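Examination of the molecular architecture
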Amino acid sequence: MEFRHLRYFLVLAEELHFGRAAQRLAITQPPLSLNIQQLEASVGAQLFTRNSRGVQLTAAGQAFVPAARALLDQAGHAAREAREVAQGLVGSLQIGFAGTVLYRGLPQVLKGFAAQHPRLRLVLREMSSSDQLIDLMHERLDLGFVHTTRVPAGFSQILVSSQPFVACLPAGHTLARRQRLPVAKLQGEPFAMVSRAVSPDYHERILGLCADAGFSPEIRYELRHWLSVVSMVAQGLGVALVPAALQQAGLPGAVFVPLAVQTPPYDTHCLWKTDRDQAALGAFLDAVRGFAQPVE
């Protein structure tokens with residue numbers, strides 16, 4: 001018995017017509033008949049009856065259908081596993097990410113990739129962009145999702161998303177109902193910000209937005225995570241300028257207001273060492289490219 005026999009049998013069992021089955025299999029009828037005869041000889045039972053009215057499954061044939069499908073499925077699974085081992089699509093990938101990526105497509109990429117490559121384990125570590133760069137340099141990470149313009153030499157990147165900054169205010173704030181907010185209106189307010197050590201690029205960018213509006217912000221809280229910044233604001237402890245994606249966090253007590261000026265974008269890049277030759281990494285990067293939809 002060969003897998004070819006099983007495939008021919010299942011197509012004929014579905015069509016119950018030698019001509020249509022042969023057409024689906026892209027062969028002529030005589031080879032199809034011969035293969036069915038060989039299968040019946042191997043099984044030791046007649047699987048079809050043939051008469052002037054056409055082709056019908058015998059009781060033995062009906063019983064053989066699920067078994068034949070299971071055998072082909074098992075063979076397909078075994079072949080996929082062998083290919084994945086040969087191609088390096090087993091083991092694990094170490095992935096770093098900054099928290100806001102959870103609202104800019106990372107979960108969708110992970111779900112789709114895991115469904116296609118169930119034998120490849122994805123290990124995720126939430127880290128600041130600066131910490132990710134260090135671990136990428138020392139190859140403790142295979143790739144990272146970072147927010148930085150300071151990409152070292154020898155790295156490649158994919159722009160995953162681009163978004164504006166918005167004002168984040170306590171829900172009861174007098175400015176919370178504005179349609180658009182000039183940055184200058186935040187002068188004198190206590191600010192919550194991601195610390196310079198965690199995200200030097202965007203710390204400086206926020207300071208620059210305030211400077212362009214004619215003031216230096218009173219930084220009351222320096223935090224390690226953007227969600228911590230929003231949480232501080234939601235508790236009524238200050239205001240902030242944050243990436244627009246954080247609106248999806250759903251933290252009660254925080255209101256997000258578009259700014260009246262165009263801001264430099266908050267970009268998310270997928271970053272990896274250019275010379276890192278790894279089949280699993282290449283497959284994951286293909287999934288990232290397929291999802292990346294930069295927002296102008």
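Residues numbered from 1 in each chain as written. Predicted model: local features only at pLDDT ≥ 70, side-chain atom pairs only at ≥ 80, totals over all residues. Heavy atoms only, no water.

Here's the deal with the packing of aromatic side chains
- A complete count under the given rule lists nine aromatic pairs for this structure.
- Cluster of aromatic residues (ring-pair linked, three or more members): Phe165, Tyr202, Trp226 and Tyr266. (Phe/Tyr/Trp six-rings, centres within 6.5 Å; stacked < 30°, edge-to-face > 60°.)

Thoughts on the pairing of strand S5 (residues 143–146)
- Alternating residues of S5 divide into Leu143 and Phe145 and Gly144 and Val146, and every residue in both groups is buried.
- Of the pairings in the sheet, the one linking strand S3 (residues 91–97) to S5 comprises three bridges and is parallel in character. From the neighbouring strand, Phe97 faces S5, where its bridge partner is Phe145.
- Here three bridges tie S5 to strand S12 (residues 266–273), and the two strands are oriented antiparallel to one another. From the neighbouring strand, Gly144 faces S12, where its bridge partner is Leu271. (Buried < 20%, exposed > 50% of the residue type's maximum accessible area, 1.4 Å probe, protein only. Helix = DSSP H or I, 4+ residues; strand = E, 2+ residues; numbered from the N terminus. Pairing = 2+ DSSP bridges.)

A short note on the packing of helix H2 (residues 18–25) against helix H3 (residues 29–43)
- In the contact formed by H2 and H3, the axes pass within 9 Å of each other and the chain directions differ by 100 degrees. One element, H2, and the other, H3, form an angle in the roughly perpendicular class. Across from Phe18, Gly19, Ala21, Ala22 and Leu25 in H2, the residues of H3 making contact are Gln29, Leu32 and Ser33.
- Of the residues assigned to the contact of H2 with H3, the class counts are five nonpolar, three polar and no charged. (Axes fitted to C-alpha atoms, helices over the stretch in contact; angles between N-to-C directions. Parallel < 35°, antiparallel > 145°, perpendicular 65-115°, else oblique. Contact = heavy atoms within 4.5 Å. Nonpolar A, V, L, I, M, F, W, Y, C, P; charged D, E, K, R; others polar.)

A few points about the packing of helix H5 (residues 106–116) against helix H9 (residues 279–291)
- Direction vectors running N to C along H5 and H9 enclose 130 degrees, while the axes themselves pass 10 Å from each other. In terms of orientation, H5 lies oblique with respect to H9. At the point where H5 passes H9, the crossing takes the right-handed sense. Contact residues: Gln108, Val109, Leu110 and Phe113 in H5; Ala280, Ala283, Phe284, Ala287, Val288 and Phe291 in H9.
- When its residues are assigned to classes, the contact of H5 with H9 shows nine nonpolar, one polar and no charged. (Left-handed = near helix turned anticlockwise from the far one by under 90°.)

A closer look at the side chain of Ser156
- For Ser156, the position within the fold is in strand S6 (residues 155–163).
- Polar side-chain contacts of Ser156 include one of 2.7 Å to the side chain of Thr274.
- Apart from residues no more than four positions distant in its own chain, Ser156 is found in contact with Cys270, Leu271, Trp272 and Thr274. (Polar contact = N/O pair within 3.5 Å; in protein donor to acceptor, adjacent residues only side chain to side chain.)

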